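# Coordinates in review
Given next are the chains, with one letter for each unit.
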Amino acid sequence: RAKAEGRNTFRYYVPGMNEAITRRARLERDLHAALGSAGGLVMHYQPILRGADGALCGFEALMRWRHPELGLVAPSHFIPLAEETGQIVALGAFALHEACRAAARWPGDLRVAVNVSAIQLRQPGLEQTVVAALAGARLPAARLEIEITESVLVEDDPASLSCLQRLKALGVRIALDDFGTGYSSLSYLRRFPFDRIKIDRSFIRDIADADTAAIVGAIVGMAAHFGATVTAEGVETQDQFEAVRARACTEVQGYLFGRPVPAREVDDLIRRQAPRPAGQAAA
Ligand code: C2E
Ligand code: MG
Ligand code: MG
Ligand code: MG
């Protein structure tokens, strides 16, 4: 008992600790406010192109938080916080509704990909949220793709997997994001029939390395066996683009082709998109 108290007292006096707690509480409170106000949270969209000819296939929706005083807060800061506080459920619903509404304005062959956290999948209600977002926007289910990370599979939660099954039965596509970064990636592929595998950008960054290139080629071959297509994430240079194309990655995404932009700039991108000969997909 005394020992426990001693620990608490000690922890109480760790310099910087209160600051960290205060900062966290503030971010949590401000995130709550942003959810309730217009403009605080916005979705940006990054183009995804077909590797073979650079044709536009769709966009990934990525959340942005414009904090009134701190400015733009990166998802790597506020998504983990929102996952801890449970706010990710409301954030995720916002992302789905916004993304479906945006995609409904695009030409019918373009899809939108939305990131869904393992926490969202574990809560009941994701399926209803997806159905409501599609219906509200009058977007066909086949034009929506959900991106999940390996953490969903690591937990092996039956409710999460059956939710994914039901979404897939609706016609929603399911992608495995950041592939190759977790543990035992290969065995997890047996747990769910993914429509798409997104190769993590760390592999694309190092693709000049022969071993890394061989791994990318192997992922593509394996994905073909599972009937999944492959997107190379984080393509930044023409050399990386050539390398992933040589390994038959179906689709490409990265700063070389375009950064995430607000919804209104997407309309310009779509208008500018004209058929281009292979090899000239760079923006
Ligand atoms: P992600 O789903 O893997 O998204 C790709 C990230 O890579 C995005 O970062 C994107 O801006 C960045 N990126 C794209 N192309 C390049 C490139 O060529 N080079 C480099 N260096 N980076 C590139 P962002 O927008 O900061 O998002 C980070 C992560 O936050 C996302 O990774 C995703 O896991 C999470 N996230 C973002 N929006 C949402 C959301 O609405 N819901 C959930 N649950 N998570 C989200
Ligand atoms: Mg993603
Ligand atoms: Mg990713
Ligand atoms: Mg990621």
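Anything mentioned here points back to the structure above.
As the structure is a prediction and not an experimental result, all values here were calculated from the model. (Residues numbered from 1 in each chain as written. Chains lettered and ligands numbered in written order. Predicted model: local features only at pLDDT ≥ 70, side-chain atom pairs only at ≥ 80, totals over all residues. Heavy atoms only, no water.)

### Some thoughts on the site of ligand 1
- Close to ligand 1 lie 24 residues; R64, N115, D177, E236 and Y255 are nearest.
- Here an oxygen atom of ligand 1 sits 2.8 Å away from a polar atom, N or O, in the side chain of N115.
- One of the side-chain N or O atoms of R201 is found 3.0 Å from an oxygen atom in ligand 1.
- Protein chains shield 83% of the accessible area of ligand 1, which is 800 Å² for the free molecule.
- Contributing elements (two or more residues each) for the shell around ligand 1: β1 (41-50), β2 (56-67), α3 (75-85), α4 (88-103) and β6 (173-179).
- For the shell around ligand 1, the element with the highest residue contribution is β2, accounting for four residues.
- Considered class by class, the residues forming the shell around ligand 1 number ten nonpolar, six polar and eight charged. (Near = heavy atom within 4 Å. Polar contact = N/O pair within 3.5 Å; in protein donor to acceptor, adjacent residues only side chain to side chain. Areas by Shrake-Rupley, 256 points an atom, 1.4 Å probe, with all protein chains shown as cover. Helix = DSSP H or I, 4+ residues; strand = E, 2+ residues; numbered from the N terminus. Nonpolar A, V, L, I, M, F, W, Y, C, P; charged D, E, K, R; others polar.)

### Topic: the coordination of the magnesium ion (ligand 2)
- Donor atoms from the polypeptide that coordinate the magnesium ion (ligand 2) comprise E60 (OE), N115 (OD1), E147 (OE) and D177 (OD), at 2.0 to 2.2 Å from the metal.
- Mapped onto the polypeptide sequence, the residues donating to the magnesium ion (ligand 2) form the spacing pattern E-x54-N-x31-E-x29-D.
- Metal-to-metal, the separation of the magnesium ion (ligand 2) and the magnesium ion (ligand 3) is 3.9 Å; D177 coordinates the two. Of this pair, N115 sits in strand β4 (residues 111-115) while E147 sits in strand β5 (residues 144-148), placing them 32 residues apart in sequence. (Donors = N, O, S within 2.8 Å, 3.2 Å for Na, K, Ca; no water.)

### Structural notes on the packing of aromatic side chains
- All told, the structure shown has five aromatic pairs when counted by the stated rule.
- When the ring of Y45 is compared with that of W106, the centres are 5.6 Å apart and the planes differ by 90°; the resulting orientation is edge-to-face. Highlighted residues: Y45 in strand β1 and W106 in the loop between α4 and β4, separated in sequence by 61 residues.
- Assessed through its relative accessible area of 1%, Y45 is described here as buried. (Phe/Tyr/Trp six-rings, centres within 6.5 Å; stacked < 30°, edge-to-face > 60°. Buried < 20%, exposed > 50% of the residue type's maximum accessible area, 1.4 Å probe, protein only.)

### Observations concerning the pattern of salt bridges
- Under the counting rule described, the total for this entry stands at 20 salt bridges.
- Across the salt bridge formed by R196 and E251, the nearest N and O atoms sit 3.1 Å from each other. Remark: E251 occurs in strand β9 (residues 251-252) and R196 occurs in strand β7 (residues 196-199); sequence separation between them is 55 residues. When sorted by exposure, R196 lands in the same class as E251, which is buried.
- Note that R264 is salt-bridged to E265, the shortest N-O span being 3.7 Å.
- One network of salt bridges, in which partners are shared, links R26, R29, D30 and E69. (Salt bridge = Lys/Arg side-chain N within 4 Å of Asp/Glu carboxyl O.)

### Concerning helix α6 (residues 126-137)
- Here α6 spans 17 Å end to end across twelve residues, near enough to the 16 Å set by a 1.5 Å rise per residue.
- Those residues of α6 lying buried are L126, V130, A133, L134 and A137. Projected down its long axis, α6 shows its buried positions confined to an angular sector of 95°, all on one face. Exposed and oriented more than 90 degrees from the buried face of α6 are Q128, A135 and G136.
- Buried-residue contacts for α6 involve α4, α5 (118-122), β5 and α8 (158-170).
- Within two residues after α6, R138 carries a phi angle of roughly 55°, on the positive side. (Expected span 1.5 Å × (residues − 1). Arc of directions from axis to C-beta. Contact = heavy atoms within 4.5 Å.)

### Some details on the coordination of the magnesium ion (ligand 3)
- Taken together, the protein ligands of the magnesium ion (ligand 3) are D177 (OD), D178 (OD), E233 (OE) and E233 (OE), with distances of 2.1 to 2.5 Å.
- In terms of primary sequence, the donors binding the magnesium ion (ligand 3) are separated according to D-D-x54-E.

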